[in-house]
Amino acid sequence: MEKKWEEMSREERQEAMFERWLTGEGLEFKSPEAKAQYQRRITRVKDAIQLKKTPDRVPILPFATFMTPQLGGANAKEAMYDVEKLTSSMMKYLTDFDPDFYGSAIIIVNGAALEKLDYKLYKWPGYNLPDKYVYQCMEAEYMTAEDYEHFIDDPTDFWLRRYLPRIMGALEPLKNLPPLYGTMELPPSWSFFFTLGMPEVQEALQRLMEAGRLSFEWSGKIAEFDMEAQAMGWVQFSGGFTKAPYDFFADTLRGTHEMVADLYRRPDLVLKAVERMTPLAIKTGLGGPEASGNPIVFIPLHKGADGWMSDEQFRTFYWPSLKAVCMALIEEGCVPFLFAEGGYNSRLEYLNELPKGTCIWMFDQTDMAKAKQVIGSTTCIAGNVPISKIMTGTPDQIKGICKELIDTAGKGGGYIMAMGCAADEGKPDTVKAMIDFTKEYGVYK
């Protein structure tokens, strides 16, 4: 008799999630060969995650944002405003370079929708940046020190009536909305309905609806592309997204400067806020795999790297909540894919606290020989091909870097070939050298 989900161990749940991913649910493969290629690529990364040495080879993930359409012939503005150009350039990239995995274009958001919302959190090409530049986050104090208690008490109310009106000019009138709880019965509901009828709120809702329409159409086209690409045998790598709870605040709520100061000025509030954010980060991470059937959950790590905080601060403010997010995902059969931007040389021992064969750690500036030695028997590692060498080096230099990574980090399995960042651009000859050399040399012996 087949076990129910709640009766399964985390290992059994992970196997079930991989099995669902392997079936290609909803895909109509172009040929038996395409289906076999798709399943072989997933099996390849599954073996790497589970630290198995198989007769196959090192998986290849040129993890990228704008690099994929750029190598296919679209500049950054075209990628954000012309979905046909975006998807055709991505298909050309996949055809020309033939990686194992790619990142969905869903992370390249529709620029026209952002314009409708007067989006202030980022600048982007074709609007307030030159056409060739990729989007850039504009840190500011979108959550004030006085907002901590509001967030801790009610994150949803804070998000709706404080955060969104501050990062989207079109939604500024939403700050006038009363709390939603006044709608529990008919008599007190009048203030909520009255506010919805205010001309400025009506305009905000109209602009929100128009941005939603544009985004819905945009996302539909990208979903069609993803289905087609995977039906041809390529694999869209991550099925979900979340962040370290601390990074929600340090990245885009409080910002880097204010958050660092808060560690000294109001540490108790920081801890309470991070704890309040943790279950929300877990729910965010689980939502994608439940919908997509892909167990990989991408978690970019920004403010916990070497030099950003002391070891004591990492141990207090950053790691416990991040570990809790990872453990919750792992218990549900998902695979946290943690992108450790910067260096994690002083953090490696912590990573052994997560269960064996359950995570991917992609490193940027971490010593890969040390990483293999310290955590290689516990977790799959990836990355470390420097984007600086991709942009300025020669194919032979890239082959040398890849050889060293395969010989050290890839020894015995448990390694994924990747660059040390989510690349915004790349040179055709060096990117191709990374992919082709790994296919030739990265065979397990």
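Residues numbered from 1 in each chain as written. Predicted model: local features only at pLDDT ≥ 70, side-chain atom pairs only at ≥ 80, totals over all residues. Heavy atoms only, no water.

Caption draft 1: A look at unusual backbone geometry. Residues other than glycine seldom take positive phi values, yet Asp98 does so here, at roughly 50 degrees. In this structure, Asp98 sits in the loop between helix 5 (83–97) and strand 1 (101–102). With relative accessibility at 25%, the residue Asp98 sits in the partly exposed group. Although it is not a glycine, Asp118 adopts a positive phi angle of roughly 50 degrees. Mapped onto the fold, Asp118 is located in the loop between helix 6 (111–117) and strand 2 (122–123). By relative accessible area, Asp118 is classed as partly exposed at 24%. (Helix = DSSP H or I, 4+ residues; strand = E, 2+ residues; numbered from the N terminus. Buried < 20%, exposed > 50% of the residue type's maximum accessible area, 1.4 Å probe, protein only.)

Caption draft 2: Region of interest: the environment of Glu217. Within the element layout of this structure, Glu217 appears in helix 10 (residues 199–231). A sequence separation of 134 residues divides Glu217 from Val83, and the C-alpha atoms of the two residues are 9.5 Å apart.

Caption draft 3: Structural view of the nonpolar core. Core analysis: the biggest nonpolar cluster contains 141 residues, and Tyr246, Phe249, Ile360, Trp361, Phe363 and Val385 have the highest contact counts within it. With nine residues, the top contributor of residues to this core is helix 14 (residues 311–331). (Core = buried A, V, L, I, M, F, W, Y, C linked by side-chain atoms within 4.5 Å.)

Caption draft 4: Molecular detail of the pattern of salt bridges. Per the stated rule, a full pass over the model turns up 31 salt bridges. In this structure, the salt-bridge partner of Arg44 is Asp56, at a minimum N-O distance of 2.5 Å. With Arg44 in helix 2 (residues 32–49) and Asp56 in the loop between helix 2 and helix 3 (67–71), this residue pair connects regions lying 12 residues apart in the sequence. On the basis of relative accessibility, which here comes to 6%, the residue Arg44 falls in the buried class. (Salt bridge = Lys/Arg side-chain N within 4 Å of Asp/Glu carboxyl O.)

Caption draft 5: View of the pairing of strand 9 (residues 380–383). Both strand 8 (residues 360–363) and strand 9 contribute to a ladder of four bridges, which runs parallel. Its bridge partner lying in strand 9, Met362 is registered against Ala382. Handedness of the crossover joining strand 8 and strand 9 through helix 16 (residues 368–375): right-handed. Where strand 9 meets strand 10 (residues 415–416), two bridges bridge the pair, whose relative direction is parallel. Along strand 10, the bridge assignment pairs Ala382 with Ile416. (Pairing = 2+ DSSP bridges. Right-handed = clockwise from strand over helix to strand, strands pointing away.)

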